[in-house]
Structure formats: C-alpha cells, structure tokens
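If you want the building blocks of each chain, they are given just below.
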Amino acid sequence: AQSVTQLGSHVSVSEGALVLLRCNYSSSVPPYLFWYVQYPNQGLQLLLKYTTGATLVKGINGFEAEFKKSETSFHLTKPSAHMSDAAEYFCACYGGATNKLIFGTGTLLAVQP
Amino acid sequence: DAGITQSPRYKITETGRQVTLMCHQTWSHSYMFWYRQDLGHGLRLIYYSAAADITDKGEVPDGYVVSRSKTENFPLTLESATRSQTSVYFCASSTSGGEAFFGQGTRLTVV
C-alpha cells in the first residue's frame, strides 16, 4: 500500500534561510510525487511534481525537490525563505495501479523576520 | 467559471442527520476525490472515482456514501452525522496521473 511520511509537523526558519521539508514515500510501483501548499482557509495548490525523467524538479515560488529512489525520498527545498512562504506543505504520492492520491500529514512552515 | 466548486462552504448540522456535500468540476476530469482534513492527520482519502459510475473506498470511508452519475459531479453524503465527522472536507479532480485540483473546502460542524 502507498504511504507518505513527512518528518516534522512544524518547521521554523528565519527569513533568508534555507527551507528543507522532508518527505519519504512507500509504494510498490514507481510513484508520481507531488508537493502542495495550503494557505490559511484555502484549498491546496500544486507546487511541483515528479512523474518521470529528471529527478530534480523545479516548481513555483523558487521551490524545488529531488526524487531519490534509493532513499525513497522527495524533500522540498528553497534556498532563501520569504515571509510569504509561511503556509502548510503537503507531500503526496500517486500510485498508478490504485489511482489513489495519498497525502502526508503536512508540515507547517513558519518564517521568522 | 471553470474550476472546481464545493458547496456549501460552511455547514452546521446535528448528530444523526443526513447531510450532503456537493462538488462540481467543469474540466471533465475523469478522477475525483474526497478528503477530510483534521489537525495532526493531514488529508485522508475518503472515496475516489475513476469515472462516472465507478467509485472506490479510500482510507476512511466508514459513515460516508458517494455517487457519480455524471462526470462533473461527485456528492459526498454523511448518512447519519456524528461529532467525529466534524472536519474540513476537500473535493479534488484530476486527469489520470495524480495532479489534482482542489476546491475551497467545506467546513462541517456536527453538534
């Protein structure tokens, strides 16, 4: 069965510092992987996705993530945090055989001035 | 307007009552999903549908019923609401491949 684990329910960084949000997945088939962002009282919007091909994927707002099959990881990074990055971030895994899109429990990112 | 629309945005209901949450999408996406979002649990899949008249259980289906008679609609019914079903419910749609587009959510309170 698919599953997604996000390490750290809360992460706090200073403005301008590196953002690193961790995601590990479990899937019996090569998965598609996603990062979504949720701002307060809103739905989720896609940040970036990995399907096939290049393992380093770039998304919106300067975020990127690297698919590492050997580590079953898909960590999200941004070189320099901005106050507007404060939100909740969700990693998700799609396993084609089941057609299910499964989410992790989320990481709330706080950015300190 | 194109997109995915959930209604109502807010709902308060009493324990034991039936309530239906509506979801409508204008993209003709094949796949539709219902999630509930609870603190500490992230988003948990309730039901999903690969096409009209095809539905399947997700992670937490108990107490919920879905139908999909038309591609664009995917209503979620709580047959007899319980306090544990107080949550924020999100509907999403996608083409095959998992990239999903989400509605704004329905905040349901069961008293």
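Residues numbered from 1 in each chain as written. Chains lettered and ligands numbered in written order. Predicted model: local features only at pLDDT ≥ 70, side-chain atom pairs only at ≥ 80, totals over all residues. Heavy atoms only, no water.

Some remarks on the overall build of chain A
In step 1: Across its full length, chain A holds zero helices and eleven strands.
In step 2: Starting at the N terminus and walking to the C terminus, you meet the elements of chain A as β-β-β-β-β-β-β-β-β-β-β.
In step 3: For chain A, the C-alpha radius of gyration of 13 Å lies close to 13 Å, the compact-globule estimate for 113 residues.
In step 4: Residues classed as buried in chain A amount to 43% of the 113 residues present.
In step 5: In chain A, 56% of the contacts between residues at least 6 apart in sequence involve partners at least 24 apart.
In step 6: Accessible surface, chain A as shown: approximately 5200 Å² in total, 54% of it carbon and sulfur.
In step 7: In chain A, the 7 positive side-chain charges and the 6 negative ones have mean positions that sit 9 Å from each other. (Helix = DSSP H or I, 4+ residues; strand = E, 2+ residues; numbered from the N terminus. Rg over C-alpha atoms; globule rule 2.2 N^0.38 Å. Buried < 20%, exposed > 50% of the residue type's maximum accessible area, 1.4 Å probe, protein only. Contact = heavy atoms within 4.5 Å. Areas by Shrake-Rupley, 256 points an atom, 1.4 Å probe, with all protein chains shown as cover. Lys, Arg positive; Asp, Glu negative; His and termini not counted. Charge placed at Lys NZ, Arg CZ, Asp CG, Glu CD.)

Section: the interface of chain A and chain B
In step 1: The partner chain B presents 23 residues to the 21 residues of chain A that form the contact.
In step 2: For the chain A and chain B pair, buried surface summed over both sides reaches about 1700 Å², with 55% attributable to carbon and sulfur atoms.
In step 3: Our count for the contact surface shared by chain A and chain B stands at one salt bridge.
In step 4: With a shortest N-O distance of 2.6 Å, Glu99 of chain B and Lys49 of chain A are connected by a salt bridge. (Buried area = accessible area lost by both parts, 1.4 Å probe. Salt bridge = Lys/Arg side-chain N within 4 Å of Asp/Glu carboxyl O.)

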